[in-house]
Each structure stands twice: as C-alpha cells, then as structure tokens.
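Tertiary structure, described
This is what each chain is made of:
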Amino acid sequence: MTKAIQAVRGMNDLLPEGIAYWQHVEAAARDILHRYGYREIRLPIVEHTELFARSIGSHTDIVEKEMYTFEDRNGDSLTLRPEGTASAVRAGIENGLLHNQVQRWWYAGPMFRHERPQKGRYRQFHQIGVEAYGMSGPDVDAELILLTARLFKRLGLTGLRLELNTLGTPSARAAYRARLVDYLRGHLDVLDDDSRRRLDTNPLRVLDSKNPDMQELLRGAPGLLDHLDESSRAHFEELRALLDAAGIEYHINPRLVRGLDYYTRTVFEWLTDRLGSQAAICAGGRYDGLVELLGGKATPAIGFAIGLERLVELVVQASVPVDGNAPQVYVVAVGAPMAAVLQLAESLRDRGVRAEYHCGGGSLKSQLKRADRSGARYVLMVETPTQAAVKDLRGNEGQQTLAYADVGGFLAARLGSAPAAADILTRVEN
Ligand code: HAM
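Residues numbered from 1 in each chain as written. Predicted model: local features only at pLDDT ≥ 70, side-chain atom pairs only at ≥ 80, totals over all residues. Heavy atoms only, no water.

1. Re the side chain of Thr49
Summarising the element assignment, Thr49 is placed in helix H2 (residues 49-56). For Thr49, a relative accessible area of 15% corresponds to the buried category. In terms of polar contacts, Thr49 uses its side chain to reach the side chain of Thr79, at 2.8 Å. Beyond its immediate stretch of four places on either side in the chain, Thr49 contacts Met67, Thr69, Ser77, Leu78 and Thr79. (Helix = DSSP H or I, 4+ residues; strand = E, 2+ residues; numbered from the N terminus. Buried < 20%, exposed > 50% of the residue type's maximum accessible area, 1.4 Å probe, protein only. Polar contact = N/O pair within 3.5 Å; in protein donor to acceptor, adjacent residues only side chain to side chain. Contact = heavy atoms within 4.5 Å.)

2. What about the nonpolar core?
Core analysis: the biggest nonpolar cluster contains 45 residues, and Ile56, Val89, Tyr133, Leu180, Leu184, Tyr262 and Tyr287 have the highest contact counts within it. Only H2, helix H3 (61-66), helix H4 (85-94), strand S5 (103-112), strand S6 (124-133), helix H6 (170-185), helix H8 (212-218) and helix H10 (290-293) provide two or more residues apiece to this core. Ranked by residue count, the leading element in this core is H6, at 5 residues. If you look at the next biggest cluster of nonpolar residues, it comprises 44 residues, including Ala142, Cys282, Ile306 and Val315. (Core = buried A, V, L, I, M, F, W, Y, C linked by side-chain atoms within 4.5 Å.)

3. Topic: the pairing of S5
Counting buried positions along S5 yields 8 of 10 residues, so the element is predominantly enclosed. Strand direction decides the pairing type here: strand S1 (residues 39-40) and S5, joined by 2 bridges, are parallel. Looking across to S5, one finds that Glu40 is bridged to Trp106. As paired strands, S5 and S6 are joined by 10 bridges and run antiparallel to one another. By the bridge assignment, Trp105 is partnered in S6 with Glu131. (Pairing = 2+ DSSP bridges.)

4. Some points on H6
Given a rise of 1.5 Å per residue, 16 residues ought to cover 22 Å, and the 22 Å separating the end C-alpha atoms of H6 matches this to within 8%. Considered for burial, the residues of H6 that qualify are Ala172, Arg173, Tyr176, Leu180, Val181, Tyr183 and Leu184. One side of H6 holds all its buried residues, which, seen down the axis, span an arc of 170°. The exposed set on the far side of H6, more than 90 degrees from its buried face, consists of Ser171 and Asp182. On its buried side, H6 packs onto helix H7 (193-201) and H8. (Expected span 1.5 Å × (residues − 1). Arc of directions from axis to C-beta.)

5. Some remarks on the site of the ligand
In the neighbourhood of the ligand, 26 residues make up the surrounding shell, with Glu83, Glu115, Glu131, Tyr263 and Ala280 lying closest. Between Ile281 and the ligand, the recorded distance is 3.3 Å, taken from a backbone N or O atom to an oxygen atom. Within the backbone of Gly307, one N or O atom sits 3.3 Å away from an oxygen atom of the ligand. In the complex, the protein chains occlude 96% of the 660 Å² of accessible area that the ligand would expose alone. (Near = heavy atom within 4 Å. Areas by Shrake-Rupley, 256 points an atom, 1.4 Å probe, with all protein chains shown as cover.)

6. A few points about the packing of aromatic side chains
Where two aromatic rings form a pair, the distance of their centres and the angle of their planes describe that pair. Tallying each qualifying case throughout the model produces 6 aromatic pairs. Taken together, a centroid distance of 5.4 Å and an interplanar angle of 65° make the contact between Trp105 and Tyr133 edge-to-face. Separated by 28 residues along the polypeptide, Trp105 in strand S5 and Tyr133 in strand S6 bring together distant segments of the chain. Joined through ring pairs, the aromatic side chains of Trp105, Tyr133, Tyr262, Tyr263 and Tyr287 make up one cluster. Taking NZ or CZ as reference, Arg414 lies 3.8 Å from the ring centre of Phe410, over its face. (Phe/Tyr/Trp six-rings, centres within 6.5 Å; stacked < 30°, edge-to-face > 60°. Lys NZ or Arg CZ within 6 Å of the ring centre and 35° of its normal.)

7. Observations regarding the sheet that holds strand S4 (residues 77-80)
Two orientations exist for strands paired in a sheet by backbone hydrogen bonds: parallel and antiparallel. An order of S2-S4-S3 is seen for the 3 strands of this open sheet, with the pairing classed as antiparallel. The sheet is open, and its two borders are formed by strand S2 (46-48) and strand S3 (68-71), each paired with just one other strand. Within the sheet, the average angular offset between the axes of one strand and its neighbour, ignoring direction, is 35°. Pairing of S3 with S4, which is carried by 4 bridges, proceeds in the antiparallel orientation. Bridge assignment links Phe70 to a residue of S4, and that residue is Leu78. Helix-sheet contacts for H2 involve S2, S3 and S4, and the interaxial angle to S2 is about 75°. (Axes fitted to C-alpha atoms, helices over the stretch in contact; angles between N-to-C directions.)

8. As for helix H1 (residues 16-35)
Across its 20 residues, H1 extends 29 Å between first and last C-alpha, which sits within 8% of the 28 Å expected from 1.5 Å per residue. If you check which residues of H1 are buried, you get Ala20, Trp22, Val25, Ala28, Ala29, Ile32 and Leu33. Each element contacted by the buried residues of H1 is listed here: S5, S6, helix H5 (138-154) and helix H11 (308-317). Directly after H1, the chain includes Gly37, whose backbone phi takes a positive value near 85°.

9. Describing the environment of Val315
Looking at the secondary structure, you find Val315 in helix H11. As for Val315 and Val25, which are separated by 290 residues in sequence, their C-alpha atoms are 8.1 Å apart. Aside from chain neighbours lying at most four places away, what touches Val315 is Tyr21, His24, Val25, Leu155, Leu157 and Val320.

10. Overview of the environment of Gly295
Examined against the element boundaries, Gly295 turns out to sit in the loop between H10 and strand S11 (301-307). Along the backbone, Gly295 and Arg90 are 205 residues apart, and their C-alpha atoms lie at a distance of 8.7 Å. In contact with Gly295, not counting residues within four places along its chain, are Arg54 and Ile93.

Printed below as a string of structure tokens:
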C-alpha cells in the first residue's frame, strides 16, 4: 500500500466537527469590531523577508529562528508572514492610507512561525489582528482594551487577566537599556546562556526570562517604569485612569516587554491560567515609530492580535453553547418522485430552513438512522406524491402528516425561520 502523506508538523486541519466554535468566535469578533468602527483589510500571506526583519527586529526570536523564508523562482527572499502588523503598515504606506488619516482595521488569517509545537503553540496558527492609525492619545489604547474585554465577555469567558506596561519612547528606552546592561554585566556569572546571548542584542528580553534564577536576579534590576520619559508617564497614567473609570481590572507588569521590537509606550497582554504554558490569548501595544521605520511619514499606531487557537480552546473548555450548523430538517424519501422531493427541500431552504436532503435513497430505516446522526431537529419523511410526515427527533411532538404545500409553513413556524423568499419577492414587487 502507498504510504499516506501527512500534514506538516505543527500545521493543523480544522475539521468540520470543531469548526462551529471557530465560526462562533469569528462572528462575535466581527460583530464587535464593526460596532467600534473597525473595517476589514485582507493582506498577502507572503511578503519580502526584509519587511519582517526591519519591523519585528533582526535580533528577535521570530526573525532569528522562526520564519519560513525561501527564495522564489526569481531569487527574491520571501517569508510566510509570522504576524500581521508589518503587512498592515506596509499596505497602509503603499496605498497612501496612513499619513494624516485615521484608520481602524482588522484582519484574520493564518500566521507561520517555526516554533516547537505543543498544545496552544503551532507552526501555522490563526490570529485576529486589529490596527489603529493616526491616534496618539491614550483614548484609543483604552478603546482597544475595552473592545477585547467586550469580546471575551460576549464569549462567556471569565478568569482572564490583563497585564499592562509601558516601554516609553525609544530614547527613554535606550537610556534604560544602558542601565540594565550595566546591571546585568555586573552579574555575568549568574546569567544563563539565553540571557548572555541577549545581553548584546536584545537585553530587554532578559526581563522576560522564565528561569527562576534569572527572576531572582531581576528583582534587583533597575526598573523600566523608573526611567520613563515624562510624556510616556502621563500617557500611561491617563490610560490607567480611563481603564479605572471603565471598570477594567489590570495588573501592571514592569517585566512585560514583548517579543517584537516595534513597540513604544503602552503594551498589554490578556492571559489565562487554563492553557498551561501558552498563557497569552491576546497581545499588543503601541508602535508609534514603525510607520516611519518602514518608509512612511511618522504616524501614531496601536494594535493587538488574538491567537484564535487559544481563544477557541477556551470557548470549548467553557462549554459555551454554539450553533453547530446541524441541519434543522433532514429530508428522507421512499417511493415519492425524486423531483418532487427535491422541490420540497428547496421550498424549505427558500424559507431559510437548513434542510439536508438524503441523497442516494436506501431503506427508510437506514435513512432514519442518518437523520438521527445528522443532529437535525426534525425529519421529513416523504412517502407519497402529495403528502409528507414530520417527526420531531428531539422532543415529544407527535408525528404529523401534511400536504406538500403546508410543510414549509409548518416547519418554518416551529423553527422560527424567515418567511419564504418567494413571499418577500412578491411583497417587494407589489
Ligand atoms: P504576538 O504576541 O507575537 O503579537 O502574537 C499575538 C498572539 O498570537 C499571542 O498572544 C498568541 O495568542 C498568538 N500566537 C502567537 N504565536 C503563536 C503560535 N505559535 N501558536 C499559536 N498562537 C500563537 C503579534 O503577533 C503582534 N502582531 C500583535 C500586534 C498587533 N501588535 C500590534 N498590533
């Protein structure tokens, strides 16, 4: 037998059984984003490698170790996007949409990082990302946090923790970075390999170390918040006041530095205890310098991205009821003319009913078994050229025999579906 080909490690099939949860989460997110005035933007999955190296930073884990980079047939270096922010900025500059303008965008789709796969961490994963341009005040920072809080609430999720920090302006951060490096150099013997490596390239990331020995050492390190510039401090305080006024709880985490270089000022993450080590559900912050860095005019910017695999897993764990897209009516037929049965099924769909027709015939018994397995509420049994019987598969309504012409109205009324499309058309014409 020929060996079957398997999916690439860390890249998952999202099967029909689980997809209802994805659709539920995506629909909730879309609805909420539109309420806040965010519009969808669709961006390419492949970009020039240089875009990510310049924006995320050439000494970050993502760029150093995790990108799927290849040469195309022209010899250009291309990369499967590891995130969406760089593409959004590139698209905004290229299409002249950022300078002196306000934009509120969202996108959703797959991202690619060659990380070690484990639960909640994959090599192809999905994000819903949000990016806002042209607004420099803390009100839009608060807006984004309110939006995420609303989404989590809508999805019935509890126990999420919001962590907040500010990284200040690039110059304040550079001054702090020098102080931190001095401190860490004074304790070189204690530094682990990772931290030593980061000392020269990305010392702020040492603050993020999960190693308990490092955490002990960091307790004595100079604090980022003590080295803030005045305007960043004021921005952060205003944001905190806005969140307090809105009743949003948060924890200040001075060690929250993020793994991408483009952040300035506000950074935040929503965390959960329910997914083991992959705790971050949503992460983002301000990146006021990135548009200029990528060749545009200086434009304030802020955004975040939600990891959909993680969010969906939380929704599954919370046993949130979702519409599974099961048919509402399963149509079986024995002995009735096929053309008439197909038309009867069509008349149900005209009324907005989800009606699945049993193709291929078979005995009534086997068809009923399939009806049951389909998850449908009702089975419609068509056994004569004029009449059909409706049976409630999930409740104890008795079986009813109806003329073909009455079937649609009967089921639509019970299922709360829309009037027949044909009726609407007639009304419009009148
Ligand atoms: P990020 O923190 O790299 O930020 O990713 C955002 C979220 O994507 C994470 O919190 C996590 O939920 C999810 N995620 C990341 N990597 C994986 C993975 N390998 N498997 C599963 N889920 C993952 C960004 O990507 C920024 N672009 C966010 C942003 C937008 N900042 C400003 N605008």
